[in-house]
Amino acid sequence: GAGVSQSPSNKVTEKGKDVELRCDPISGHTALYWYRQRLGQGLEFLIYFQGNSAPDKSGLPSDRFSAERTGESVSTLTIQRTQQEDSAVYLCASSPGPGNTIYFGEGSWLTVV
Amino acid sequence: DQQVKQNSPSLSVQEGRISILNCDYTNSMFDYFLWYKKYPAEGPTFLISISSIKDKNEDGRFTVFLNKSAKHLSLHIVPSQPGDSAVYFCAASALSGNTPLVFGKGTRLSVIA
C-alpha cells in the first residue's frame, strides 16, 4: 500500500490477556519504529528495527513487551498479560533509512479493561 | 531525562495571527529536526524538517528556525488557520548515528476563528 498500515485499528481486551498488533511498513523502507502515546502523554519510543541490525529495544517498558520483524516487511508487537496501564495508541512508523523522516500509520488503539 | 522538550503544553492563537511553537533539546549530537502534526484519532503526519547546516527552512505558511548555540528550534505558522488546530510534536535525531527519532511531549495548538 501507499502508507504504513496497522491492524487492528481498535482493540479492547481483558486484563491479563495477550495482544498482537501488526504493522505493514511502506514498501522499501528499511527502518521500522514502534511508539506509543498514552492519554495526555507524548510519543514514547518502544523499539526500532533497521535492516538486518539487532533491534534497539531500549524503549520497551517491561519484558511483557516484545516485537519481531520479518526481513524488511511486516512487524508484530506483542504485549503479554496486558495491564490497564498498557492502554494507549500504538503507532508504527517507517522510513527509508536511519535518521530520515519517518511516516506513521494511523495507530492501533488498545484499551485494557 | 527528556532530550527534547516542549515546555508549552498548549497554545491558543487568533485566526490570521502568527503561531509560534517552541522546542528545546539537550543532546548536542542531534543534527536533524522535524515537526509533526497530529489530529485526534489519526497518526502524526510529517510537516517540515531542518538539518543543522541550516538555520531556517520555509514551506508555505510554515517556517522552522534553528538556533544551534541555544539548542532551540521553533515552528512559525503564519497566518494561522482553524484547520491548523492540532497537537504539534518536535522530534530530533542524529543522522550520523543509527538512532530513532526522539519526540517531545507535544504542544496543543488551538486557532480560534
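A brief look at the structure comes next. (Residues numbered from 1 in each chain as written. Chains lettered and ligands numbered in written order. Predicted model: local features only at pLDDT ≥ 70, side-chain atom pairs only at ≥ 80, totals over all residues. Heavy atoms only, no water.)

Topic: the interface of chain B and chain A
Under the convention used in this document: Here a residue-residue contact requires only that any non-hydrogen atoms of the pair lie within 4.5 Å. Two parts placed together each lose some accessible area under a 1.4 Å probe, and adding up what both lose gives the buried area. Within this document, salt bridges are pairs made up of a side-chain nitrogen of Lys or Arg and a carboxyl oxygen of Asp or Glu, the two lying within 4 Å of each other. We call two N or O atoms a polar contact when they sit within 3.5 Å, provided that within protein one can donate a hydrogen and the other can accept it, with sequence-adjacent residues counted only if both atoms are side-chain atoms. Working definition: helices are DSSP H or I runs of at least four residues, strands are E runs of at least two. Numbering for both runs from the N terminus. Three categories are distinguished: nonpolar for Ala, Val, Leu, Ile, Met, Phe, Trp, Tyr, Cys and Pro, charged for Asp, Glu, Lys and Arg, and polar for the others, with Gly belonging to the last.
Counting residues at the interface gives 20 residues for chain B, matched by 21 residues for chain A. Roughly 1,600 Å² is buried in total at the junction of chain B and chain A, and carbon and sulfur atoms are behind 59% of that figure. On inspection of chain B and its partner chain A, the count reaches zero salt bridges. Taken together, the links from chain B to chain A amount to three residue pairs in polar contact (both at pLDDT 80 or more). Residue contributions to the side of chain B that touches chain A peak at four residues, all from strand β4 (residues 32-38) of chain B. A per-class count over the side of chain B that touches chain A returns 11 nonpolar, six polar and three charged.

Notes on the environment of phenylalanine 89 of chain B
For phenylalanine 89 of chain B, the location among the structural elements is in strand β9 (residues 86-93). C-alpha separation for the pair phenylalanine 89 of chain B and tyrosine 36 of chain B, spaced 53 residues apart in sequence, amounts to 5.0 Å. Excluding its chain neighbours within four sequence positions, the residues that come into contact with phenylalanine 89 of chain B are Gln37, Gly42 and Leu43 of chain A together with Gln6, Leu34, Trp35, Tyr36, Lys38, Phe103, Gly104, Lys105 and Gly106 of chain B.

Structural notes on the sheet that holds strand β1 (residues 4-5) of chain B
Heads up, the condition is: Strand pairing follows a simple DSSP-based rule, namely that at least 2 bridges must link the two strands.
Taken in spatial order, the five strands make up an open sheet running β1-β3-β8-β7-β6 (chain B), and their pairing is antiparallel. Whereas interior strands pair on both sides, the edge strands pair on one side only; in this sheet they are β1 and β6 (56-59) of chain B.

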